[in-house]
Amino acid sequence: MQEPHTNHHQAHVRSSRYKMSNPPAASARPDIISLDVMLSDIDEGRIRVPRFQRPYVWSAAMMRELFDSVLKGYPIGSLLLWAPRELKVATMGHIGPIQTPETTVTPVSLVLDGHQRLATLYGVLRLPEDHPRLESAGKDDLNWWVGYDLRSEETVQLRREEDFINPTTLPLRSVLRTADFVRFARGIDSNARLSKQEKSILLDRADKVQRAVRDYRLALTSMRDGTVDDAVAIFSRINRSGRRMTADQMAVALTYSEGFNLEDALDQLLGDLEPYGFGDVSRKTVLQGLLHAAGQSFVKPKFDDLRRADTQSSLMAALPKVSKGLIEAAKFLNDTIGFSTGKLLPYALQLLLLQIFFTTSKLSSANLSDDVKLTLRRWFWATSFEGWFASANTSEMAESVNVMEAYARLPSDAEARRGLETFFVDRPLRPFPTSFDRRSARIRALLLVQIVDGPLYDPVTKAEHDGSKLLADPERRDLPYIFPLRSGLEARSPANRILLDRKYGSSVRQFLLDHLDDERLLKQHSINQAGKQALNSNDLRGFIAAREAELERKEGLLLASLGLSVSDQTDRAEEDVDVDDE
């Protein structure tokens with residue numbers, strides 16, 4: 001049973017929560033800690049966030065939802081902390097928007113799981129009064145200004161100047177600051193526009209908010225001593241049902257313990273890809289390329305080996321050639337395939353194998369012969385349409401690197417080319433899908449065909465727009481429907497989605513109807529004459545059938561130019577989610 005909130009209990013938690021009689025190495029134990037004590041420990045530098053954690057990524061809505069749970073007393077999940085015997089893990093300089101203090105206190109506990117939640121709580125409740133609040137500051141700064149509307153009794157974002165001076169909106173940063181809270185309460189009490197009854201209700205609600213935050217208890221799992229290997233192992237077991245630590249996070253954690261900065265190496269590789277649009281590819285992908293170049297298995301990495309000095313030296317030595325190979329692979333995707341974002345890449349491993357091709361062959365994307373260029377184009381589109389990487393097993397994945405290296409050593413040799421073709425172009429190409437999900441490689445292939453077919457036009461501005469940039473932007477890439485989704489099952493078809501900014505929303509169909517005389521616009525968005533007529537007569541089924549036929553025709557033309565074709569022996573089906581979408 002939860003104990004009542006008292007100063008004695010706080011002191012007990014602070015002094016005893018890490019203690020255990022003769023604990024084994026890397027022992028883990030559950031506990032409960034008050035939110036107030038947790039914040040104080042962060043203030044004093046007792047709790048820090050290791051640099052191998054992903055950066056803060058939560059949206060304003062997620063922040064409000066967390067505080068809504070806190071104020072209602074709902075559990076928000078357990079935090080996982082680790083107090084290593086010797087602190088050799090680099091930590092972040094900020095938790096949320098607040099700089100972490102320099103400290104010599106021990107033990108220091110590292111946040112292994114719960115960074116986003118902890119940073120949200122700390123950043124909002126400890127937000128400095130001078131934190132940027134003007135609308136021009138940008139959402140990354142403004143999001144930290146979370147308040148509680150005492151009238152509607154809901155968490156809100158403070159955005160405009162009037163939000164900050166609203167006497168009935170309690171900034172949550174004031175809740176645990178006695179002087180600020182008293183000042184806010186006096187503002188309500190002295191407000192001539194509020195009736196005596198309104199003041200009483202609002203002050204009572206403000207008190208409830210303060211008590212809810214002050215008395216809130218967090219579930220905590222504390223781990224003491226042990227190595228980074230132990231930390232990763234315990235994390236994996238405790239977090240089986242939640243977000244698993246990824247391969248790159250494990251690798252970075254292990255190498256940090258020995259002072260090798262693998263995170264900076266991965267950041268460098270992603271930075272090298274940024275000018276070509278592929279800085280958004282998964283960190284795991286560039287890690288796999290680095291591991292392979294250093295003589296390590298990229299399919300089943302042995303993370304313990306990353307702690308060895310010779311392995312770390314090999315990784316650092318491989319960095320320049322991996323960087324060059326990735327850049328050439330990105331240039332090939334830009335210039336020869338025709339797109340520039342990892343969010344459209346059907347499979348991340350396609351980038352890895354292209355990097356291995358350019359690293360092994362020492363060729364550049366600019367000086368490929370026509371035969372080699374055609375072979376690589378055929379390989380790319382075949383693996384995109386047939387789902388090769390989704391169905392390949394571990395052995396096939398490992399062998400795929402050997403096959404690509406063999407071809408890269410003799411790219412003009414007919415036998416080497418046949419070896420590549422035999423290994424990769426061995427499965428039927430999947431037909432047009434029945435539903436839309438960007439996490440499907442087949443859907444990404446469909447979107448790519450539309451992008452590389454020619455420039456896309458905006459129905460309002462008539463200007464060309466970049467499909468790659470559209471799909472790369474998380475704020476814009478939720479492509480709008482032409483007919484409302486509620487219109488029927490046919491509305492789920494990918495043919496009912498259009499490569500335009502989501503800002504057009506339900507207005508897309510009207511925009512198209514207003515421009516039915518613009519043949520260039522309709523052609524580039526795959527609306528043929530039959531589709532035009534069906535659109536004009538509000539015929540959903542006719543429109544979907546006509547646009548599917550036009551999209552299939554465009555796919556067929558591209559594939560035919562490569563000597564490929566979609567199988568007529570495979571039934572259409574809903575597309576599986578077979579790629580990561582971070």
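Note: the structure precedes this text.
The shown structure was predicted, so the numbers you read here are calculated from the model rather than taken from an experiment. (Residues numbered from 1 in each chain as written. Predicted model: local features only at pLDDT ≥ 70, side-chain atom pairs only at ≥ 80, totals over all residues. Heavy atoms only, no water.)

Draft legend 1. Structural context of the side chain of glutamate 328. In this fold, glutamate 328 is placed in helix 13 (residues 309–337). By relative accessible area, glutamate 328 is classed as buried at 11%. (Helix = DSSP H or I, 4+ residues; strand = E, 2+ residues; numbered from the N terminus. Buried < 20%, exposed > 50% of the residue type's maximum accessible area, 1.4 Å probe, protein only.)

Draft legend 2. Structural context of the packing of helix 7 (residues 178–189) against helix 8 (residues 196–214). Across the interface, helix 7 lies against helix 8 with an axial gap of 9 Å and an inter-helix angle of 165°. Judged by the inter-axis angle, helix 7 sits roughly antiparallel to helix 8. As helix 7 runs across helix 8, the sense of the crossing is right-handed. Note on element contacts: helix 8 touches helix 7 through Lys199, Leu202, Leu203, Ala206, Asp207 and Gln210, opposite Phe181, Phe184, Ala185, Ile188 and Asp189. (Axes fitted to C-alpha atoms, helices over the stretch in contact; angles between N-to-C directions. Parallel < 35°, antiparallel > 145°, perpendicular 65-115°, else oblique. Left-handed = near helix turned anticlockwise from the far one by under 90°. Contact = heavy atoms within 4.5 Å.)

Draft legend 3. Region of the structure containing the packing of aromatic side chains. Taken as a whole and assessed by the stated rule, the structure comprises 17 aromatic pairs. For the pair tyrosine 56 and tryptophan 144, a centre-to-centre distance of 4.8 Å together with 35° between the ring planes defines the contact as tilted. Here tyrosine 56, found in the loop between strand 2 (47–48) and helix 3 (60–72), pairs with tryptophan 144, found in the loop between helix 5 (139–142) and strand 7 (146–149); they are 88 residues apart in sequence, far enough to count as distant. The exposure class of tyrosine 56 is partly exposed, given its relative accessible area of 24%. The interplanar angle of 75° and the centroid separation of 5.1 Å between the aromatic rings of tryptophan 388 and phenylalanine 389 together place this pair among those described as edge-to-face. Assigned by exposure class, tryptophan 388 and phenylalanine 389 land together as buried. Clustering of aromatic rings is evident, with ring pairs tying together Tyr347, Trp379, Trp388, Phe389, Phe423 and Phe424. Positioned over the ring face of tyrosine 481 is arginine 497, at 4.0 Å from the centre of the ring. When the ring centre of tyrosine 457 is taken as reference, the NZ or CZ atom of arginine 520 above it lies at 3.6 Å. (Phe/Tyr/Trp six-rings, centres within 6.5 Å; stacked < 30°, edge-to-face > 60°. Lys NZ or Arg CZ within 6 Å of the ring centre and 35° of its normal.)

Draft legend 4. Examining the pattern of salt bridges more closely. Applying the stated criterion to the full structure yields 27 salt bridges. Across the pair arginine 173 and aspartate 180 runs a salt bridge whose closest N-O atoms are separated by 3.1 Å. Considered together, arginine 173 and aspartate 180 belong to a single accessibility category, that of buried residues. Across the pair lysine 331 and glutamate 328 runs a salt bridge whose closest N-O atoms are separated by 3.9 Å. With lysine 331 and glutamate 328 both in helix 13, this residue pair falls three residues apart, about one helical turn. Bridged by salt links that share partners, the residues Arg160, Glu162 and Asp163 form one connected network. (Salt bridge = Lys/Arg side-chain N within 4 Å of Asp/Glu carboxyl O.)

Draft legend 5. Seen up close, the pairing of strand 6 (residues 109–113). With four of five residues buried, strand 6 lies mostly within the body of the structure. Of the strand pairs in this sheet, strand 2 and strand 6 are connected by two bridges, and their pairing is parallel. Residue pairing for strand 6: arginine 48 is matched across the bridge by leucine 110. Relative to strand 6, strand 3 (residues 79–83) is paired through three bridges, and the arrangement is antiparallel. Counted as the bridge partner of leucine 80 is aspartate 113 from strand 6. (Pairing = 2+ DSSP bridges.)

Draft legend 6. Looking closely at the nonpolar core. Counting 87 residues, the largest nonpolar core has Leu333 and Trp381 as its most contacted members. Top element by residues in this core is helix 13. It accounts for ten residues. Look past the residues within four positions of leucine 333 in its chain and what remains in contact with it is Phe278, Gly338, Phe339, Leu345, Leu351, Leu354 and Phe380. Core analysis: the next-biggest nonpolar cluster, separate from the first, contains 51 residues, Ile42, Val49, Leu127 and Leu170 among them. (Core = buried A, V, L, I, M, F, W, Y, C linked by side-chain atoms within 4.5 Å.)

Draft legend 7. View of the sheet that holds strand 9 (residues 169–171). Here three strands make up an open sheet; going across it, the order is 8-7-9 and the pairing antiparallel. Both outer strands of the open sheet, strand 8 (154–157) and strand 9, are each paired with one neighbouring strand and no more. For this sheet the average axis-to-axis angle between neighbouring strands, irrespective of direction, equals 35°. Against the sheet, helix 3 engages strand 7 and strand 8, with an angle of about 150° to strand 8.

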